[in-house]
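Here are the chains, one letter per residue:
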Amino acid sequence: MATVLNFSNFTFTAEQIREVSELVMDKLMSLPNFNRIHTIFPDIVTNKEVGFVGEGGLVGVENQGCDPTAQDYNVATRKVTWTPKEWEVLVHQCYSDLQSTAAVYSRKAGVKMADFSESDYMALIVDCLTRSIGKMMWRMTWFGDTTYSTTYQGANAQYFTMFDGLFKQIFTQLTTNTAQYVAFASHSTATSLFDAMVKAAPMALRQSSNKVLLVTQSVYDMYEAELIGAAAIPAAWTAGQEGMPELKYKGISVIAMPVWDEMIASFNKDASTGNVVYPNRAVFTTPEVLGVGVDSMSSLEELNVWYDRDSRKVKAEAMGIMDAKLLNPEFLVASY
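Conventions we followed
Residues numbered from 1 in each chain as written. Predicted model: local features only at pLDDT ≥ 70, side-chain atom pairs only at ≥ 80, totals over all residues. Heavy atoms only, no water. Core = buried A, V, L, I, M, F, W, Y, C linked by side-chain atoms within 4.5 Å. Buried < 20%, exposed > 50% of the residue type's maximum accessible area, 1.4 Å probe, protein only. Helix = DSSP H or I, 4+ residues; strand = E, 2+ residues; numbered from the N terminus. Contact = heavy atoms within 4.5 Å. Phe/Tyr/Trp six-rings, centres within 6.5 Å; stacked < 30°, edge-to-face > 60°.

(A) Region of the structure containing the nonpolar core. With 77 residues, the main nonpolar core has Trp87, Trp142, Phe194, Leu214, Val254, Trp260 and Phe284 as its most contacted residues. The dominant element in this core, judged by the number of residues it contributes, is helix 2 (residues 120-143), at 11 residues. Aside from chain neighbours lying at most four places away, what touches Phe194 is Leu213, Val215, Val219, Tyr223, Tyr249 and Val254.

Quick look at the structure:
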C-alpha cells in the first residue's frame, strides 16, 4: 500500500530529507469563514422539521355595529424538513509502508515499531486531514448532487451523492421560478448584473440588513476592475475576513467565494462534454436562507487517531451528520 503522504516526488536519502518535520507546507488557499454566510443548526441527528411563521392576512373592515361578524384571519406558515446523512472519514497506514521514505525516522524501535500514531509523520497527516474535512464541508454544502455521476464529472461520485447541496437546490428552484433567475450572459458588466439581481429580488430581501451578494472570484474580479476603472474602489472596498474578500455594491456586501471557483473548475464538468458548467455564479440572499444542519460543529474538528494492534496500522477517523437546506427558496436571486 502507498503511503498517505506522497513521497514519490522526493528523491529520498538520509542526507536530503532527514525528517518529515523538515517538509515545508505549501501556501494553500484560505477557506472562507463558514459561519459568515450560513446559518448553522446544531443537534440535527435525524429527520426534523423547522417551522416558520410568515405574514398575516388582511385585517380592518368598516365597523359593523352590534353583533359583528368575525373576519377571517390566517397567518402563513411553512416548514423545512432536515434529512441529515451520516458522513465518515477513515484513513489508515501500515508501518512497513514507511520504509525507504523520510517517515522511517518517525518509527519507534522494538515491539513499538509499528506504532507511529504520535509521530511527526502522523501529525502532518492530521493537519492535512483537518483541512480536507473543512473543504468537505464546503463541497457537500454547495456542490452535493445525488445524481452527480450522470450530471457532472471530475471526481468520484461517492464524494457528492450524500444529499443535494445548495447549488442543486437553487437550480431546481429557478427552473420553476424563473423570476428569481438573472442570466449572466445577458450582462456585460458586474454592475449591471448586480443591479438586475437586486431589482428582481422580493422587497423583504432588498430591505434586509443582512443581505449579501455571494459571487465567484471571477465575478468579483470583474466588479473590482470596474470600480478601479471608475476610480471608485476606495468607497466600495471593505476589509472583509480572511479568505473572504469583500467589496460593496450600494451598501450590500459583495463577498468573493474563491472556494467556489476551485470546486467548479475541478468537479463541475459536464458529464458529456467535459466543459466546466456555470463558471461564473452569483447569489443574492441572506445567511438566514442558507441553512446547514449538523450534529455538532465539533464533529468537523475531532479526529480520532489510534494504533490498531491487530492490523498493525495507525488509523485516523472522523464522523458526523449533516444536511444543507434553502430555508426560504423564494428569498434569493441567482445568476449563472
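(B) Representation of unusual backbone geometry. Located in the positive-phi region is Asp67, a residue other than glycine, with phi close to 50 degrees. Summarising the element assignment, Asp67 is placed in the loop between strand 2 (48-56) and strand 3 (75-82). Residue Asp67 is classed as exposed on the basis of its relative accessible area of 75%. Of note, the phi angle at Arg312 is positive, near 60 degrees, even though the residue is not glycine. Locating Arg312 in the fold gives a position in the loop between strand 14 (304-308) and strand 15 (313-326).

(C) Here's a closer look at the packing of aromatic side chains. Applying the stated criterion across every chain, the model contains 17 aromatic pairs. Look at Tyr148 and Phe160: their rings are 4.1 Å apart centre to centre, the planes differ by 5 degrees, and that puts the pair in the stacked class. One end of the pair, Tyr148, is in helix 3 (residues 148-151); the other, Phe160, is in the loop between strand 5 (152-153) and helix 4 (166-176), and 12 residues separate them in sequence. The pair Tyr148 / Phe160 is uniform in exposure class, with both members buried.

Coordinates in, geometry out; function isn't part of it.
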